[in-house]
Amino acid sequence: MRKWLAPAVNYVSRWMEFQMRMSEQPGCVIAIAHKNRMVLEQAFGHADLTRGIPLTPRHRFRIASHSKSFTAAGVMKLREQGKLKLDDEVGHYVGNLNPRIARTTLGQILSHSAGIVRDGKDSGQFSDRRGFLDADELMADLQAPPAIEPNTRFKYSNHGFGLIGLAIEALTGEPFASWIKREIIDAAGLDETHPDMPIPRAAPMASGHSGKLILGRRVVIPGDFPTNAIAPAGGVVSTGRDLALFFSQLSPKARASVLSVSSRREMVRRQWRNQHSSLERYYGLGTISGTLNGWDWFGHSGGLQGYITRTCVIPEHDLTVTVMTNAIDGWAGLWVDGAMHILRAFSQHGAPSRKVRDWAGRWWSLWGAVDLVPIGNKVLIAAPGFINPIVDAGEIEISGRDQGRIAVADGYSSHGEPVRRVRAGSGKVVEIWLAGSKLLPEGKIAKEMQARYDNPAAGEATRRRTRMPLRRSR
């Protein structure tokens, strides 16, 4: 394992803990894999707020549209076995479709370029207004023509992946859930992943939650519904560990995988750009890809009522980052980006040297928290409240055991000014001075604020002591 990875992962964990406190999300699991080995698997918060159940890494989540990557892998496996071609028209496998849909190819459907309606004429299944469509209901929607001309642009379609599931059933002669469980999930060694609900009774399941805005509080959204014929698009239930390990296997660089290298390359190849979006992202075959601050990545995201999840693989460094949240307003996408920013900074600057490594810590003032993050031969002044905690971070150059200077800083900050640590008689560092700002441990700041602001009389006395005398004009 690269030397910089352990300290990077350690700071990702500390940053995530702060983000969870600040965001007040119900629960979150983060999993990071290096090659085929987990280097971080951590749970925060609750599996169910109403019952106060702590969340663990073993809790299952609805991973929603991540399911499309499993389904696409299934098609690629059948292709490797010579049982189908990506150029095959879907009508060759599924009858009674609209003639124009019947002429679209498996490859077009997998890349969301077949023009098929996204969620049908009534998408109430995504708002718990109705159950998810069965095969007959899906087929009824597919009697209508494509919403747009096929092969003209990227147009996402859950119905399209449901149709792929029907094609797999027709080709293999068995239910989609049974086939995908044996041929992809089990073959990949994923023992905490299920193709849809229900899952084994012994497997713990994280409840979904609403946002707070509408009711002023969160309510539980049960995640135990089956997705029926839409399972190939969004039914899979998994853990952070399993999800990270599965996507690690989809990297063309992976040593072991359920698919050949050529199939994996085809899955992650950028085929269609997402139009009318401020984000530069692309779709392949059941995978999303993009670039973040110079790092190319591929993966997928997912959202079902009560759950938001995201996974990114960085092939250059054999890293996979998965974040799972159990709220409809979960920050999974933002937190994956933040973790990648942290990992990239450590990959550039390296593990902290012996000179700076003991400067790590979180320090507080009235204005919030600052993280000192040793990296390479310097110490970053990071902002744990930011989605990218190291964006525009100041840099401390260490000159002695407890001395340094702010060698790099934003022009509005304290560039060039001194930094010092203050120790108690025991030798423990008890405060940090960044230029003229004194930072303390969280508990001391809390006591200071309570004394100043929770006691009106004390607060007024403080204001009288610090009030400037008025001067009369002449």
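These numbers were taken from a predicted model, which means no experiment stands behind them.

1. Concerning the sheet that holds strand β12 (residues 307–314)
Working step 1: The nine strands are arranged β3-β2-β1-β13-β12-β11-β10-β9-β8 in an open sheet whose pairing can be described as antiparallel. Of all the strands in the sheet, the pair left with one neighbour each is β3 (53–54) and β8 (272–273).

2. Structural notes on the pattern of salt bridges
Working step 1: Under the definition given, this model contains 31 salt bridges.
Working step 2: The salt bridge partner of aspartate 318 is lysine 253, with a shortest N-O separation of 3.7 Å. One end of the pair, aspartate 318, is in the loop between β12 and β13 (319–325); the other, lysine 253, is in the loop between α9 (240–250) and α10 (261–268), and 65 residues separate them in sequence.
Working step 3: Looking at lysine 253, the relative accessible area reads 46%, which means it is partly exposed.

3. So, unusual backbone geometry
Working step 1: Residues methionine 197 and proline 198 are joined by a peptide bond in cis, for which omega reads 0°.
Working step 2: One non-glycine residue, glutamate 24, lies in the positive phi region at around 55°.
Working step 3: Residue placement: glutamate 24 occurs in the loop between α1 (5–23) and β1 (27–34).

4. Re the packing of α1 against helix α11 (residues 332–349)
Working step 1: Where α1 contacts α11, the axes come no closer than 9 Å and their chain directions differ by 150°. Classed by the angle they form, the pair α1 and α11 counts as roughly antiparallel. Judged by the twist between their axes, the crossing of α1 over α11 is right-handed. When α1 is examined against α11, the residues Leu5, Pro7, Ala8, Val9, Tyr11, Val12, Trp15, Met16, Gln19, Met20 and Ser23 are found in contact with a partner set consisting of Trp335, Gly338, Ala339, Ile342, Leu343 and Phe346.
Working step 2: Tallied by class, residues from the contact of α1 with α11 come to 14 nonpolar, three polar and no charged.

5. Here's the deal with the pairing of strand β14 (residues 361–365)
Working step 1: With respect to burial, β14 is a largely interior element, five of its five residues being buried.
Working step 2: Here β14 shows no split at all, with Gly361, Trp363 and Ser365 on one side and Arg362 and Trp364 on the other all buried.
Working step 3: Where β14 lies against strand β15 (residues 368–375), five bridges are found, and the strand directions are antiparallel. Considered in β15, the bridge of arginine 362 is made with aspartate 371.
Working step 4: What sits between β14 and β15 in their antiparallel hairpin is a turn of two residues.

6. Observations concerning the confidence of the model for the chain
Working step 1: Mean pLDDT for the chain: 95, with 96% of residues reaching 70 or above.
Working step 2: Note on residues 468–474: pLDDT is under 50 here. Beyond four places in sequence and across chains, it has zero contacts.

7. Focus on the packing of aromatic side chains
Working step 1: Applying the stated rule across the entire model yields 10 aromatic pairs.
Working step 2: Aromatic pair phenylalanine 61 and tyrosine 307: ring centres 6.3 Å apart, planes at 75°, arrangement edge-to-face. On the criterion of sequence distance, the pair formed by phenylalanine 61 in strand β4 (residues 61–62) and tyrosine 307 in strand β12 is long-range, its members being 246 residues apart.
Working step 3: Since its relative accessible area comes to 1%, tyrosine 307 is described here as buried.
Working step 4: The interplanar angle of 10° and the centroid separation of 3.9 Å between the aromatic rings of phenylalanine 70 and phenylalanine 246 together place this pair among those described as stacked. One end of the pair, phenylalanine 70, is in helix α2 (residues 67–80); the other, phenylalanine 246, is in helix α9, and 176 residues separate them in sequence.

What counts and how
- Residues numbered from 1 in each chain as written.
- Predicted model: local features only at pLDDT ≥ 70, side-chain atom pairs only at ≥ 80, totals over all residues.
- Heavy atoms only, no water.
- Pairing = 2+ DSSP bridges.
- Helix = DSSP H or I, 4+ residues; strand = E, 2+ residues; numbered from the N terminus.
- Salt bridge = Lys/Arg side-chain N within 4 Å of Asp/Glu carboxyl O.
- Buried < 20%, exposed > 50% of the residue type's maximum accessible area, 1.4 Å probe, protein only.
- Axes fitted to C-alpha atoms, helices over the stretch in contact; angles between N-to-C directions.
- Parallel < 35°, antiparallel > 145°, perpendicular 65-115°, else oblique.
- Left-handed = near helix turned anticlockwise from the far one by under 90°.
- Contact = heavy atoms within 4.5 Å.
- Nonpolar A, V, L, I, M, F, W, Y, C, P; charged D, E, K, R; others polar.
- pLDDT = per-residue confidence, 0-100.
- Phe/Tyr/Trp six-rings, centres within 6.5 Å; stacked < 30°, edge-to-face > 60°.

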